[in-house]
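# Inside the fold
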Amino acid sequence: LENEKELEIARAFNEEFDSKNSLFKFMTEKELEELKEECVNVLKLVDETSEKDKEHKNFWTCVYRLTETELNEEEEEWTELDKEMMESVDLSGSLDELIDLEKEINRSIREDLDDDTEILFWQKALKRVTTAKLNRQCRETLVKVYEKSKKDRANKTKATELKEVRLGRSMKIDPHDIEIR
């Protein structure tokens, strides 16, 4: 992180971020189970050859993984040292940054770390990074779908207006217009 202000922003984001504050903040366990089952049903219907369905598959896969995470999540205990170390992990980055961070943590766990305490911390951090990444993927997909639907609606409105203008002209032809032609 570049400066103290960025550190404060990351600290505030990390303190506030929790998978319970994600897409499923107010859902009960039963509702999460139903959503997980619905995700499975939707994913069975997805046509993987369609570009539009690839976007849907990505979204519903993320939702499924988030519901799994939410249902399987046990309350983890964070020591003061863990909390301080977590401040160095920026969960507010872009999707690409979170993917890179997830890869780097995985690599470090496999190759670099020897101390069990460090490994345990980075495993906890990895869960939070993965959850942040899945949330970001869902949100970005929703934004894309929303923007596309807004654009499609605007194009449809323009086409309808153009059609009405054409129909309006043809209905307003009077004998004077015929004489001119």
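Residues numbered from 1 in each chain as written. Predicted model: local features only at pLDDT ≥ 70, side-chain atom pairs only at ≥ 80, totals over all residues. Heavy atoms only, no water.

Before going further, it helps to spend a moment on the packing of aromatic side chains. Aromatic rings considered in pairs are described by the distance between their centres and by the relative angle of their planes. Tallied over the entire structure, the rule returns two aromatic pairs. Note on Phe 59 and Trp 60: the rings are 5.1 Å apart at their centroids and 80° apart in plane angle, and the pair reads as edge-to-face. You can call Phe 59 buried: its relative accessible area is 13%. Each ring, one from Phe 121 and one from Trp 122, has its centre 4.8 Å from the other, and the planes form 75°; the classification is edge-to-face. (Phe/Tyr/Trp six-rings, centres within 6.5 Å; stacked < 30°, edge-to-face > 60°. Buried < 20%, exposed > 50% of the residue type's maximum accessible area, 1.4 Å probe, protein only.)

Contact pair helix α2 (residues 29-45) / helix α3 (residues 51-72): the axes reach a minimum separation of 9 Å and the direction vectors enclose 150°. Between α2 and α3, the crossing angle belongs to the class labelled roughly antiparallel. The element α2 and its partner α3 pack so that their crossing is left-handed. Two secondary-structure elements touch here, α2 through Glu 29, Leu 32, Glu 33, Leu 35, Lys 36, Cys 39, Val 40, Val 42 and Leu 43 and α3 through Lys 57, Trp 60, Thr 61, Val 63, Tyr 64, Thr 67, Glu 68, Glu 70 and Leu 71. Of the residues assigned to the contact of α2 with α3, the class counts are 10 nonpolar, two polar and six charged. (Axes fitted to C-alpha atoms, helices over the stretch in contact; angles between N-to-C directions. Helix = DSSP H or I, 4+ residues; strand = E, 2+ residues; numbered from the N terminus. Parallel < 35°, antiparallel > 145°, perpendicular 65-115°, else oblique. Left-handed = near helix turned anticlockwise from the far one by under 90°. Contact = heavy atoms within 4.5 Å. Nonpolar A, V, L, I, M, F, W, Y, C, P; charged D, E, K, R; others polar.)

For the structure on display, the rule yields five salt bridges. When the shortest N-O distance is used, the salt bridge between Arg 107 and Glu 104 registers 2.5 Å. With a gap of three residues between them, Arg 107 and Glu 104 both fall in helix α5 (residues 95-112), about one helical turn apart. When its relative accessible area of 26% is taken as the criterion, Arg 107 is described as partly exposed. For Glu 104, a relative accessible area of 38% translates into the label partly exposed. We note a salt bridge from Arg 107 to Glu 111, for which the minimum N-O separation is 3.4 Å. Placement of the pair is Arg 107 and Glu 111 together in helix α5, with a separation of four residues, close to one helical turn. (Salt bridge = Lys/Arg side-chain N within 4 Å of Asp/Glu carboxyl O.)

A word on α3. Spanning 22 residues, α3 covers 32 Å between terminal C-alpha atoms, matching the ideal 32 Å at 1.5 Å per step. The set of residues buried in α3 consists of Asp 53, Phe 59, Cys 62, Val 63, Leu 66, Thr 67, Glu 70 and Leu 71. (Expected span 1.5 Å × (residues − 1).)

Nonpolar side chains in soluble globular proteins tend to end up buried together. Core analysis: the largest hydrophobic core is formed by 13 residues, its most contacted members being Met 86, Val 89, Leu 91, Ile 105, Ile 109 and Val 129. Of all the secondary structure elements, the ones that give two or more residues to this core are α5 and α6 (116-171). The leading source of residues in this core is α6, at six residues. Those residues in contact with Val 129 that sit more than four places away from it in its chain are Val 89, Leu 91, Leu 98, Leu 101, Glu 102 and Ile 105. Counting residues in each nonpolar core, the second largest holds 11 residues, with Leu 35, Phe 59, Val 63 and Leu 134 among its members. (Core = buried A, V, L, I, M, F, W, Y, C linked by side-chain atoms within 4.5 Å.)

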